[in-house]
Amino acid sequence: MTLAVHATRVAGSCLQRNAWVCPDYVRTRGDILQEALVEHVGLTLAAVALGLLVALPLGVLASRSRLVETGASSIATVLYTIPSLAMFPLLLAVGLPFGPSIVVVGLAIYTLGILLRNIVVGLHGVPEDTLDAATGMGLSPRRRLWSVELPLALPAIVAGTRIATVSTVALVTVGGLFGYGGLGNLIITGQRTQFNAEVLTATVLVVVLALAADGLLLLLGRQLTPWLRGRAA
Amino acid sequence: MSGSVVGGAAAWLADPARWSGEAGIPARLWEHVWVSGVSVLVAAAVALPVALVLGHLGRGGALASAVANLGRAVPTLAVLVILVLSPAPFGIANVVTCTVVALVLFAIPPILTNAYAGIRAVDADLVEAARGMGLTGPQVLFRVELPLAVPLVVAGLRIATAQVIATATIAAFVAGPGLGRFISAGFGNQDTPQLIGGAFLVATFAVLVEVAFQVLQRRLTPSRSSRTGLVEDVGAAAVDTRQPGLTGSL
């Protein structure tokens with residue numbers, strides 16, 4: 001019992017001292033952290049999924065037509081250049097409702113440039129002989145795309161998805177300035193109330209989340225390309 | 001609804017009062033240019049020598065890619081807030097210093113990794129030939145490797161500048177300098193015309209700088225027709241040095 005009292009006193013002092021590293025913050029605000037983390041993961045998943053949903057068909061088209069490739073990658077580059085803090089208001093101006101949708105759409109737009117380039121590079125990397133063989137075996141263009149080209153392009157697509165995901169996890173925080181930023185919300189409120197532990201804990205969680213997502217995608221990529229496993233080692 | 005929003009923003013931009021004074025558009029634009037320019041220059045002064053030496057020696061590839069990965073995973077907003085909340089010499093006392101420090105930190109990774117990749121991408125036979133002709137190490141670096149790496153070095157500076165302009169915009173939310181002030185004020189006062197007008201200014205400025213860099217990069221890229229495709233491809237891959245996987249395969 002004395003031990004418990006002692007622990008409370010010491011922990012209380014780390015909050016009172018406004019320490020940057022404060023285990024008691026994590027203990028007492030666990031629910032808030034969890035809620036912010038869940039929102040962060042949700043926003044990231046939605047943005048990357050939306051990005052892939054647009055980039056995959058566009059990437060396939062771009063790999064077949066130089067014109068589509070140049071056009072799409074130029075537009076994606078220009079959009080990528082727009083700072084996120086400007087992107088969110090501009091999406092309001094084009095009629096998107098205020099809310100998580102501006103964060104999801106804005107971040108999905110950023111993933112496009114990276115995803116498109118990797119999908120095109122991946123599809124271009126499929127050897128000509130392989131394509132000829134697939135056609136010779138009587139595969140229709142659609143079957144060839146699904147069962148030969150996309151699987152062979154998968155390593156490049158996964159590589160692009162990893163970068164897109166890591167930068168999205170970091171960028172979600174900017175959504176916190178508009179109230180929809182997952183862990184970014186805590187960074188913003190922590191700044192306003194000068195609550196150091198809240199800022200640092202949320203920041204560390206963002207970095208950990210980004211690295212964990214990167215690792216998970218790496219593993220997923222390996223699972224999806226069993227034929228590369230022997231070679232990689 | 002979006003029509004009137006755009007109209008309001010246009011009216012805000014057209015107001016002559018916006019275009020003068022200490023908090024006017026030209027003054028904020030100048031702050032943005034100044035703070036971004038200084039940050040990119042400082043970051044280049046730190047990152048380029050390291051990248052050139054490591055690239056020339058063929059060492060530190062793991063370091064370059066670790067720096068790139070970390071740069072992508074750490075949220076710029078958080079670093080700004082942490083610096084602002086820190087005690088002196090940073091801290092609330094000097095928001096401009098905090099901003100510049102954060103901008104420099106985030107400009108280093110793309111400059112470092114692209115310059116490194118540029119040096120590494122130089123044809124090994126060329127380097128061999130240069131050595132065979134009796135060039136010393138520094139001569140090989142400055143007469144052969146660096147000139148050939150220039151397009152990628154510029155690509156790194158371009159990516160860093162885009163990153164710096166975006167981060168400088170966010171800095172306005174912690175009372176930093178620059179065009180982001182209009183967005184933060186517009187958001188804080190629920191002044192939609194100012195919010196959208198400010199966002200338009202920031203986006204236009206960022207895109208113009210990007211286009212200028214693209215032109216510069218194209219000018220500096222050797223245009224021997226047989227090699228153009230190759231150089232473009234390496235350039236594309238370098239943007240992706242932010243991502244080790246693809247560069248490795250190229």
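Residues numbered from 1 in each chain as written. Chains lettered and ligands numbered in written order. Predicted model: local features only at pLDDT ≥ 70, side-chain atom pairs only at ≥ 80, totals over all residues. Heavy atoms only, no water.

(A) Representation of the overall build of chain B within the structure. Secondary structure assignment for chain B yields 11 helices and 0 strands. Secondary structure elements in chain B, listed N-terminal to C-terminal, are α-α-α-α-α-α-α-α-α-α-α. Counting over 250 residues, chain B shows a buried share of 50%. Here chain B has roughly 11200 Å² of accessible surface; of this, 67% comes from carbon and sulfur atoms. (Helix = DSSP H or I, 4+ residues; strand = E, 2+ residues; numbered from the N terminus. Buried < 20%, exposed > 50% of the residue type's maximum accessible area, 1.4 Å probe, protein only. Areas by Shrake-Rupley, 256 points an atom, 1.4 Å probe, with all protein chains shown as cover.)

(B) How the structure looks around the UniProt feature "transmembrane region" (unreviewed entry) in chain B. The positions UniProt marks with the feature "transmembrane region" (unreviewed entry) are residues 33–54, 66–85, 91–112, 148–175 and 195–216 of chain B. This span, residues 195–216 of chain B, is 100% helix and 0% strand, and a straight line between its end C-alpha atoms measures 32 Å. (UniProt positions renumbered as here; feature names shortened; annotations may be inferred.)

(C) Inspection of the UniProt feature "transmembrane region" (unreviewed entry) in chain A at higher detail. UniProt's feature table lists "transmembrane region" (unreviewed entry) at residues 41–62, 74–92, 98–116, 152–179 and 199–221 of chain A, given in the numbering used throughout. Helix makes up 100% of residues 41–62 of chain A and strand makes up 0%, while its end C-alpha atoms are separated by 30 Å.

(D) Representation of the nonpolar core. Core analysis: the largest hydrophobic core is formed by 102 residues, its most contacted members being Leu85 and Leu177 of chain A together with Ile111 of chain B. No other element matches the 13 residues that helix 5 (residues 95–120) of chain B contributes to this core. Leu177 of chain A has contacts with Leu85 and Ile188 of chain A together with Leu77, Ile170, Phe173 and Phe187 of chain B, leaving out every residue within four places of it along the chain. Val60, Ile119, Ala153 and Ile157 of chain A belong to the second largest nonpolar core, which has 11 residues in total. (Core = buried A, V, L, I, M, F, W, Y, C linked by side-chain atoms within 4.5 Å. Contact = heavy atoms within 4.5 Å.)

(E) Region of the structure containing the pattern of salt bridges. Residues and elements named next belong to chain A. Per the stated rule, a full pass over the model turns up 7 salt bridges over all chains. A salt bridge links Glu149 to Arg144, with the shortest nitrogen-to-oxygen separation between them at 3.3 Å. A single burial state applies to Glu149 and to Arg144, both of which are buried. Sharing partners across several salt bridges, the network here consists of Arg64, Arg144 and Glu149. (Salt bridge = Lys/Arg side-chain N within 4 Å of Asp/Glu carboxyl O.)

(F) Examining the environment of Thr81 of chain A more closely. Tracing the backbone through its elements, the reader meets Thr81 of chain A in helix 4 (residues 66–81). The spacing of Thr81 of chain A and Tyr110 of chain A is 29 residues in sequence and 8.6 Å in space, taken between C-alpha atoms. Setting aside its immediate chain neighbours within four residues, Thr81 of chain A contacts Ala206, Val207 and Glu210 of chain B.

(G) Structural detail: the interface of chain B and chain A. Contact residues are listed per partner, giving 39 residues for chain B and 44 residues for chain A. Summing the contributions of chain B and of chain A, the shared interface buries around 3600 Å²; its carbon and sulfur component is 79%. Taken as a group, Arg72, Leu77 and Leu85 of chain B account for 16% of the area that chain B buries against chain A, more than any other trio of residues on that side. The interface formed by chain B and chain A includes 0 salt bridges. Joining chain B to chain A, the criterion identifies 0 residue pairs in polar contact (both at pLDDT 80 or more). Elements supplying a minimum of two residues to the side of chain B that touches chain A: helix 1 (2–14), helix 3 (61–73), helix 4 (76–85), helix 7 (137–171), helix 8 (180–188), helix 9 (192–220) and helix 10 (225–239) of chain B. With 10 residues, the single largest contributor to the side of chain B that touches chain A is helix 9 of chain B. The class makeup of the residues in the side of chain B that touches chain A is 29 nonpolar, 5 polar and 5 charged. (Buried area = accessible area lost by both parts, 1.4 Å probe. Polar contact = N/O pair within 3.5 Å; in protein donor to acceptor, adjacent residues only side chain to side chain. Nonpolar A, V, L, I, M, F, W, Y, C, P; charged D, E, K, R; others polar.)

(H) Geometry of the UniProt feature "domain: ABC transmembrane type-1" (unreviewed entry) in chain A. UniProt tags residues 37–217 of chain A as "domain: ABC transmembrane type-1" (unreviewed entry). With 84% helix and 0% strand, the stretch residues 37–217 of chain A has end C-alpha atoms that lie 18 Å from each other.

(I) Examining the state of the cysteines more closely. All names here are of chain A. Across all of its chains, the model carries 1 disulfide over all chains by this definition. One disulfide bridge connects Cys14 with Cys22, the sulfur atoms lying 1.9 Å from each other. Across the S-S bond of Cys14 and Cys22 the torsion is about 90 degrees, and the bridge reads as right-handed. (Disulfide = S-S within 2.5 Å.)

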